[in-house]
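# Coordinates in review
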Amino acid sequence: MAMRAETLGKLLTPFGAGIIVLDDKQRLLWMNQAVKTFFDTTGRTFKEFFPYEIDLTVDQVVTLHDPEGHQYLISVTKIIDANPCHTVISLQRPSDFNYSATKSYCLETALDQINDGVVISDFEGKIVLYNRAMEQLEERNRSEMVGKFIWDAYGYKDPAQSEHRQVFNSAAPLLDRFSAHVYKNGRPLFTSYSTFPLVKDGERLGVFSICRNDTKLRELLDETIELKKRFFAAREAEDAAGMLPSKPHDFTSLRTPLNNGTHYTFSDIIGEGNTTRKTVNEAKAMAVLESNILIIGETGTGKELYAQSIHNYSSRGTKPFIGINCAAIPETLLEGILFGTTKGAFTGALDKSGLFEETGSGTVFLDELNSMPISMQTKLLRVLQERKFNRVGGTNLITLKCRVICAMNVDPEISIRDGNLRQDLYFRVAGLSLYLLPLREKKDELKSLIHHYIKKYNSAVGRTISNVSEELSAAFQSYSWPGNIRELEHVVENLMVRAEESDTILEVGHLPDHLRHRFSEMVTEPYIEASPDLNEALGNLERSIIQMALRRRNGNLTAASKDLGIIRQSLIYRMKRLGIERP
């Protein structure tokens, strides 16, 4: 029985992206929708698309190009038993993302460009993908890994020891793990990773892991802790020899970096307004108490400066001060850094004391507490409540002797509402709370802060700046300063670097391009006296612009004319015409 071309094509469509059915004269009988998306077949013969002899390529896969230059992979099959005889052509366009090989190639190429390591094993446990980042993380070549059973590749004697097989069998992911699966010259290469099952339509296809290298970070943190440990041991020796000040608050008179891990005291806090004076007095009152403190303030308001000042003003001033940023350290490392580790707690773990232990009777400063994972917040709460802790993997309880000062850059109530901060931990650390107002809410101190930084950078960059122009001062007053005092310092520094040695006033023109747009809407336009006469209005504008250039250049005609883009003689002529005198 003759089979209709349409029926034949529909039967074969699932096996190829594009299907064309020809009769025994190689005329187009039927094509599926995929072919119609490639090109318009209306009223055309097959040879108009691909001028080649079909009979020469039967049962082969060939690469051809259509008249527009698009590439296709074509396979030809003849169904001779049918009456009439049919020729079936399967087309694949490599540039088409519906083509599975193209999609696979693009995904593998993308995975090779990311910074995280990715390893995929199939349903048998063989490694089928091992990206470039994984090669760098584990210092191995993918050619040595792909195709091997994952337990053989990593040296496990029993497949059951492989986490990939565990995840495959359970279909449950393993999240936020930290371990070393590879050793280099006896040195464990630690990675933080999560492992997930690949499941489609209820069938398990394989397993994949996403990995991040924490070896370097752990080594740097361990090195920092070890250096601080040696440093504080030397400090205790000096203390025993009577070489340190007898009173902790004697430190407030020092301007050089202190020998307890700090750089700042209350004397380093700038600001002459009532707000700053009140905040400093509150902080001093808190310093003499033993309660934990929570400092709340936006980015750039000086939270660590206050934390160090409180430490140096307190009875703990001769003891270590160690601060860490909770947002900068992965959760897998944070617990061991704070509490220490016991050998055997996890692969590669050694006996090491944590910051709470190393600090002794000093102060630990936990910045961005709201960025600490909730699971770690729970452990920290228990330690603060019981004043005891044990190392990771250990059973011996250690007494917490240090004071804990925490800081947050967002409103605690918002963090609690958003689920980023445990309410009970907040109540525990906020026995004493210090609120640092943003710069936009204490603009009365802006002038003194500007002059402080002008004085600081005058000596640093060799300038003799005495003030800022009225236009720039007005822009500063109108600006919201989202980066607070830190942003103000950076802006003044940029202004000072771009000022000429002869300048005495900082102008809007000294702002670099990337900062100028921030203040462009705040800059006061030059005053132009209203006039119905166009010539008179233009003259007023010209006079104002020249006067601003002269003030900015402190009356230097050569420099002012250069800024204006005119020659010196032209500037002198315009000054005479407009009645402008040198300032």
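Residues numbered from 1 in each chain as written. Predicted model: local features only at pLDDT ≥ 70, side-chain atom pairs only at ≥ 80, totals over all residues. Heavy atoms only, no water.

Looking now at the overall build of the protein. When helices and strands are counted, the protein shows 22 helices and 21 strands. In the protein, which comprises 583 residues, the proportion classed as buried is 43%. The long-range share in the protein, meaning contacts at least 24 apart out of those at least 6 apart in sequence, stands at 58%. Carbon together with sulfur atoms contributes 51% to the accessible area of the protein, which is approximately 30,900 Å² in total. (Helix = DSSP H or I, 4+ residues; strand = E, 2+ residues; numbered from the N terminus. Buried < 20%, exposed > 50% of the residue type's maximum accessible area, 1.4 Å probe, protein only. Contact = heavy atoms within 4.5 Å. Areas by Shrake-Rupley, 256 points an atom, 1.4 Å probe, with all protein chains shown as cover.)

A few words on the confidence of the model for the protein. When pLDDT is averaged along the protein, the result is 81, and 80% of the positions lie at 70 or above. In this model, residues 244-256 is a region of pLDDT below 50 whose contacts with residues beyond four sequence positions or in other chains number 26 contacts. With pLDDT under 50 throughout, residues 524-528 is counted as low confidence; its partners more than four residues away or in other chains account for eight contacts. (pLDDT = per-residue confidence, 0-100.)

This part is about the packing of helix α9 (residues 274-287) against helix α10 (residues 303-313). The description of two packed helices rests on the angle between their axes and on the distance between the axes. Two numbers describe how α9 lies on α10: the axes approach to 8 Å, and their chain directions differ by 45°. With respect to each other, α9 and α10 are oriented oblique. In this structure, α9 meets α10 at a crossing whose hand is right-handed. Between α9 and α10, the residues in contact are Thr276, Thr279, Val280, Ala283, Lys284 and Ala287 and Tyr306, Ile310 and Tyr313, respectively. (Axes fitted to C-alpha atoms, helices over the stretch in contact; angles between N-to-C directions. Parallel < 35°, antiparallel > 145°, perpendicular 65-115°, else oblique. Left-handed = near helix turned anticlockwise from the far one by under 90°.)

Taken together, five strands build an open sheet; the order of strands is β2-β1-β5-β4-β3 and the sheet is antiparallel. Of all strands in the sheet, those bounded by a partner on one side alone are β2 (28-31) and β3 (61-65). Neighbour-to-neighbour, the strand axes of the sheet open up by a mean angle of 30°, direction not taken into account. (Pairing = 2+ DSSP bridges.)

Inspection of the secondary structure puts Arg177 in strand β8 (residues 174-184). Taking the C-alpha atoms as reference, Arg177 lies 7.0 Å from Thr332; in sequence the two are 155 residues apart.

Moving on to the pattern of salt bridges. Summed over all chains, the structure comprises twelve salt bridges. Residue Glu135 pairs with Arg142 through a salt bridge whose shortest N-O separation is 3.4 Å. A relative accessible area of 16% means that Glu135 is categorised as buried. Take Arg142: its relative accessible area is 26%, and that puts it in the partly exposed class. Note that Glu335 is salt-bridged to Lys379, the shortest N-O span being 2.9 Å. In this pair, Glu335 is assigned in helix α11 (residues 331-339) and Lys379 in helix α13 (residues 374-386), connecting sequence segments 44 residues apart. Using a relative accessible area of 22% as the deciding quantity, one classes Glu335 as partly exposed. One salt-bridge network, held together by shared partners, links Asp112, Arg132, Glu135 and Arg142. (Salt bridge = Lys/Arg side-chain N within 4 Å of Asp/Glu carboxyl O.)

As a further point, take the pairing of strand β1 (residues 18-22). The element β1 is extensively covered by neighbouring structure, given that five of its five residues are classed as buried. As paired strands, β1 and strand β5 (residues 86-92) are joined by five bridges and run antiparallel to one another. From the neighbouring strand, Ile19 faces β5, where its bridge partner is Ser90. Sheet topology places β1 next to β2; three bridges connect them, and they run antiparallel. In the strand pairing of β2, Ile20 is matched with Met31.

With that settled, consider helix α22 (residues 568-578). The complete set of buried residues in α22 reads Ser570, Leu571, Met575 and Leu578. All buried residues of α22 fall inside an arc of 135° around its axis, so they share one side. In α22, the exposed positions that point more than 90 degrees away from the buried face belong to Gln569, Tyr573 and Lys576. At the exit of α22 stands Gly579, carrying a positive phi of roughly 70°. (Arc of directions from axis to C-beta.)

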